[in-house]
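Now for the letters of each chain:
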Amino acid sequence: MANLDELYREIILDHYRSPRNRGELPSPPALRVEGFNPLCGDEITLYLDVRDGVLVDIKVAGQGCSISQSSASLMSAAVKGRSLADVNAAVERFKRLMTVHESGPGAADDTEEVDLRALGELAALQGVVKFPVRIKCATLAWNTLVQGLADA
Ligand code: ZN
């Protein structure tokens, strides 16, 4: 069996080198929302086309480290064309993945297993939780998405 860490690193590099859904949408009608991670200097701009409760299209622009940009690419691939209910479920799954190794109040308890299969390629980002300073890089695109959907 292939080394899982290596596989995950490959997925992250692949999304960094060939980002999915890269570009812009005319705004309006698309919603434009910006996110910034001052700790690392990562910038994300999302263009969201929401119609009848479905995230019909999503485009990603911005620049930053490999974690922030590959996470944005992975996120866009995971949520494009999905209902907002599915999008919110994906956000919840991802946030749980990013907190699973934390302890203390508010952290997911150990009985709550993260379903890596449901996460698909997003599971590649689970190694990030070992480096707390990079968690903000990985969650930037997701927090920006949440902010954009709240405005929708
Ligand atoms: Zn970063």
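Above this text sits the structure in question.
Now for a quick tour of the structure. Residue positions are given per chain, counted from 1 along the sequence in the order it is written. In keeping with the predicted nature of the model, local features appear solely for residues at pLDDT of at least 70, side-chain atom pairs appear and are counted solely at 80 or more, and the whole-chain, interface and lining totals rest on all residues. Calculation of side-chain values draws on the structure's entire complement of heavy atoms; hydrogens and water are dropped beforehand.

### Observations concerning the nonpolar core
Residues Leu 46, Leu 48, Met 75, Val 79, Met 98, Trp 142 and Leu 145 are the most contacted members of the largest nonpolar core, which totals 37 residues. Secondary structure elements follow DSSP: runs of H or I of four or more residues count as helices, runs of E of two or more count as strands, with numbering from the N terminus. Only α1 (4-17), β2 (42-51), β3 (54-63), α2 (66-79), α3 (84-99) and α5 (132-151) provide two or more residues apiece to this core. If you tally residues by element for this core, the top one is α5, at eight residues. Residue contacts are defined here by distance: any two heavy atoms, one from each residue, within 4.5 Å place the two residues in contact. In this structure Trp 142 touches Ser 71, Met 75, Ala 90, Val 91, Phe 94 and Leu 122, once residues within four positions along its chain are discounted. Among buried residues, those of type Ala, Val, Leu, Ile, Met, Phe, Trp, Tyr and Cys that are joined through side-chain atoms within 4.5 Å constitute a nonpolar core. Each residue is assigned to one of three classes by its accessible area relative to the maximum for its type, calculated with a 1.4 Å probe on protein chains only: buried under 20%, partly exposed between the two thresholds, exposed over 50%.

### Some words on the packing of α1 against α2
Helix packing for two helices is described by the angle between their axes and how far apart those axes are. Axis geometry follows a simple rule: fit a line to the C-alpha atoms, using only the stretch in contact for helices, then measure angles between N-to-C directions, giving values from 0 to 180 degrees. Across the interface, α1 lies against α2 with an axial gap of 8 Å and an inter-helix angle of 85°. Viewed along their axes, α1 and α2 adopt a mutual orientation that is roughly perpendicular. Of the residues in α2, those touching α1 at Ile 11, Ile 12, His 15 and Tyr 16 are Ser 66, Ile 67, Gln 69, Ser 70, Ser 73 and Leu 74. Among the residues forming the contact of α1 with α2, the class breakdown is five nonpolar, five polar and no charged. An angle below 35 degrees is read as roughly parallel, one above 145 as roughly antiparallel, one from 65 to 115 as roughly perpendicular, and any other as oblique. Three residue categories are used. Nonpolar comprises Ala, Val, Leu, Ile, Met, Phe, Trp, Tyr, Cys and Pro, charged comprises Asp, Glu, Lys and Arg, and polar comprises the others, including Gly.

### Focus: the sheet that holds β3
Read across the sheet, three strands follow the order β1-β2-β3 without closing on themselves; strand pairing throughout is antiparallel. Edge strands, defined here as strands with exactly one partner in the open sheet, are β1 (31-37) and β3. Adjacent strand axes in the sheet meet at a mean angle of 20°, parallel and antiparallel pairs treated alike. Any two strands with at least two DSSP-identified bridges between them are counted as paired. Summarising the sheet, β1 and β2 pair through seven bridges and their orientation is antiparallel. Paired with Phe 36 across the two strands is Glu 43, which belongs to β2.

### Re the coordination of the zinc ion
Only Cys 40 (SG), Asp 42 (OD), Asp 42 (OD), Cys 65 (SG) and Cys 137 (SG) from the protein coordinate the zinc ion, and they sit 2.2 to 2.7 Å from it. Exposure remark for Cys 65: the relative accessible area of 15% places this residue in the buried category. Each metal site lists N, O and S donors within 2.8 Å (3.2 Å for Na, K and Ca). With water left out of the atoms, a site can look as if it is missing ligands.

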